[in-house]
Amino acid sequence: IELISKINELDVNSPEVIDVSNFDLSEITSLSGVFQYMNCKHIIGLDKWDVSNITDFGNVFAYCTDLEEVRGTEYWNMSNAQNCRSMFKNCISLTTINMSDWKLDKLRDADYMFFNCNKLVSIKGVDKLNNNHVQCNNTFSGCKYKPSWLINK
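Residues numbered from 1 in each chain as written. Predicted model: local features only at pLDDT ≥ 70, side-chain atom pairs only at ≥ 80, totals over all residues. Heavy atoms only, no water.

Asker: It is not clear to me how the pattern of salt bridges should be interpreted in this structure. Could you clarify?
Answerer: Think of it this way: side chains of opposite charge can pair up when their charged atoms draw near. A full pass over the atoms with the stated rule returns 4 salt bridges. Lys-48 is the salt-bridge partner of Asp-47, the closest N and O atoms lying 3.5 Å from each other. Take Lys-48: its relative accessible area is 57%, and that puts it in the exposed class. In this structure, Arg-71 and Glu-69 form a salt bridge, with 2.6 Å as the shortest nitrogen-oxygen distance. Glu-69 gets classed as partly exposed once you look at its relative accessible area, which sits at 26%. (Salt bridge = Lys/Arg side-chain N within 4 Å of Asp/Glu carboxyl O. Buried < 20%, exposed > 50% of the residue type's maximum accessible area, 1.4 Å probe, protein only.)

See the structure below:
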């Protein structure tokens, strides 16, 4: 709640870029909804975040309809992530995601993760979701992008 309050204090009434590099996440286990509904095009400083204790990434960027780029999340230590439900849901301006270095061994829920991301053309590392222990209901519904392993099912 404290992190969401601090982020909500930022002037985000349609800025081009917001910088979140100075936030300390060492005591946090959930990022649920932290940027949800934010109207910005770019979020920078995410590469500075230590998310190794975070288990809940649900709705982190959900409904950020102007968000074009999420740079820095490719460096996140996702080894404790259990929930990525709706993480990028309705990010209708987002074109690429890089999750190739994410370790998702504990991930259980990826339902609606990229739901309605209709401009998404590339997700590096998406094959990590093709795993029996990861729930992927409607993960790519409303997307032009579909991973090959999903098309072939």
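Asker: Even after reading the chapter, I still don't get the state of the cysteines, so can you show me in this structure?
Answerer: Covalent bonding between the sulfur atoms of two cysteines defines a disulfide. Considering all chains together, one arrives at 0 disulfides under this definition. Residue Cys-64 stays outside any disulfide, its sulfur separated by 5.2 Å from that of Cys-91, the closest cysteine. On the basis of relative accessibility, which here comes to 0%, the residue Cys-64 falls in the buried class. (Disulfide = S-S within 2.5 Å.)

Asker: It is not clear to me how the packing of aromatic side chains should be interpreted in this structure. Could you clarify?
Answerer: The way to describe two aromatic rings as a pair is by their centre distance and the angle between their planes. One pass over the structure, following the stated rule, counts 12 aromatic pairs. When the ring of Phe-35 is compared with that of Trp-49, the centres are 5.8 Å apart and the planes differ by 15°; the resulting orientation is stacked. Separated by 14 residues along the polypeptide, Phe-35 in the loop between strand E1 (17-19) and strand E2 (42-44) and Trp-49 in the loop between E2 and strand E3 (69-70) bring together distant segments of the chain. We note that Phe-35, like Trp-49, is buried. Relative to Phe-114, the ring of Phe-88 lies with its centre 5.5 Å away and its plane at 5°, an arrangement referred to as stacked. Of this pair, Phe-88 sits in the loop between E3 and strand E4 (96-98) while Phe-114 sits in the loop between E4 and strand E5 (122-124); the two residues are 26 residues apart in sequence, bridging distant segments of the chain. With respect to burial, Phe-88 and Phe-114 carry one shared label: buried. Grouping aromatic residues by their ring pairs yields a cluster made of Phe-23, Phe-35, Trp-49, Phe-57, Phe-61, Trp-76, Phe-88, Phe-114, Phe-140 and Tyr-145. (Phe/Tyr/Trp six-rings, centres within 6.5 Å; stacked < 30°, edge-to-face > 60°. Helix = DSSP H or I, 4+ residues; strand = E, 2+ residues; numbered from the N terminus.)

Asker: Please explain the side chain of His-42 as it appears in this structure.
Answerer: Here His-42 shows up in strand E2. On the basis of relative accessibility, which here comes to 18%, the residue His-42 falls in the buried class. Residues contacting His-42, with those up to four places away along its chain left out, are Glu-16, Val-17, Ile-18, Leu-67, Glu-68 and Glu-69. (Contact = heavy atoms within 4.5 Å.)

Asker: Which parts of the structure should I look at to understand the side chain of Glu-74?
Answerer: Mapped onto the fold, Glu-74 is located in the loop between E3 and E4. No salt bridge is formed by the buried Glu-74; the nearest opposite charge belongs to Arg-71, separated by 6.3 Å. From its side chain, Glu-74 meets the backbone nitrogen of Gly-72 in a polar contact 2.9 Å long. If near-sequence neighbours (up to four positions away) are discounted, Glu-74 is found in contact with Asn-98, Asp-101 and Trp-102. (Lys, Arg positive; Asp, Glu negative; His and termini not counted. Polar contact = N/O pair within 3.5 Å; in protein donor to acceptor, adjacent residues only side chain to side chain.)

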